Amino acid sequence: NLDGISLMPIFRDPKAHLERRPPMVWVFTEYGGQVAVRWGDHKLVRRGLATKNPGEWELYDLAADRSESSDLAASHPERVQEGVDILLRNMDENLVFPVNLPPAR
């Protein structure tokens, strides 16, 4: 019941390939409230959820942009929606530290 993947295949055979990991989801009440999801090479982020003016969705292709300097959300709305769907499927309600996720714009 671990939430990771074994690196043992790589230790045994440096040419081995690891299985694709499941999406990773982060939900933070800190830093003004923010959420993120990573699936494959994509990362979707939304900041300022606990503020009066939540930020917009930001989408990054980590394979091409490791520094997350080029936001692709406006040009790839289908990827934004894909990430939001993954986030909603994997995000549990937390009554102690709630994070309200406004609808995608």
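The structure under discussion appears in the preceding block.
Residues numbered from 1 in each chain as written. Predicted model: local features only at pLDDT ≥ 70, side-chain atom pairs only at ≥ 80, totals over all residues. Heavy atoms only, no water.

A.B. asks: I would appreciate a short explanation of the environment of Val84 in the present structure.
C.D. replies: Turning to its location among the elements, Val84 is positioned in helix H2 (residues 77–90). By relative accessible area, which is 7% here, Val84 ends up buried. Considered as a pair, Val84 and Leu101 are 17 residues apart in the sequence and their alpha carbons are 9.8 Å apart. With sequence-adjacent residues up to four places away left out, Val84 is seen in contact with Leu44 and Trp57. (Helix = DSSP H or I, 4+ residues; strand = E, 2+ residues; numbered from the N terminus. Buried < 20%, exposed > 50% of the residue type's maximum accessible area, 1.4 Å probe, protein only. Contact = heavy atoms within 4.5 Å.)

A.B. asks: I keep staring at the nonpolar core and nothing clicks. Help me out?
C.D. replies: Taken as a class, soluble globular proteins show a tendency for nonpolar side chains to be buried jointly. Counting residues in hydrophobic clusters, the biggest one holds 13 residues, and the most contacted among them are Val35, Val37, Trp39, Leu44, Trp57, Leu59 and Val80. Within the residue set of this core, elements represented by two or more residues are strand E2 (34–39) and H2. When residues of this core are assigned to their parent elements, the largest contribution, four residues, is made by H2. Ignoring anything within four residues of it in the chain, the contact list for Val35 reads Trp26, Val27, Leu44, Val45, Arg46, Leu49, Trp57, Leu87, Val99 and Leu101. (Core = buried A, V, L, I, M, F, W, Y, C linked by side-chain atoms within 4.5 Å.)

A.B. asks: Help me out: how do you make sense of the pattern of salt bridges in this one?
C.D. replies: Once the charged atoms of two side chains with opposite charge are near each other, the side chains can pair. In total, this model carries three salt bridges according to the counting rule given. For Lys43, the salt bridge is made with Glu68, and the minimal N-O distance between the two is 3.0 Å. With Lys43 in strand E3 (residues 42–46) and Glu68 in the loop between strand E4 (58–61) and H2, this residue pair connects regions lying 25 residues apart in the sequence. Lys43 gets classed as buried once you look at its relative accessible area, which sits at 19%. A salt bridge links Arg79 to Glu82; its shortest N-O distance comes to 2.9 Å. Separated by three residues within a single helix, Arg79 and Glu82 lie in helix H2, roughly one turn from each other. Glu82 gets classed as partly exposed once you look at its relative accessible area, which sits at 31%. (Salt bridge = Lys/Arg side-chain N within 4 Å of Asp/Glu carboxyl O.)

A.B. asks: Help me understand a nonpolar patch on the surface, please; the structure alone is not making it clear to me.
C.D. replies: Where nonpolar side chains cluster on the molecular surface, the patch consists of Ile5, Leu7, Met8, Phe11 and Leu18 and spans about 470 Å² of accessible area. Structurally, Phe11 is set in helix H1 (residues 8–12). (Patch = residues over 30% accessible without salt bridge, like charges linked within 9 Å, V, L, I, M, F, W, Y side chains within 5 Å. Areas by Shrake-Rupley, 256 points an atom, 1.4 Å probe, with all protein chains shown as cover.)

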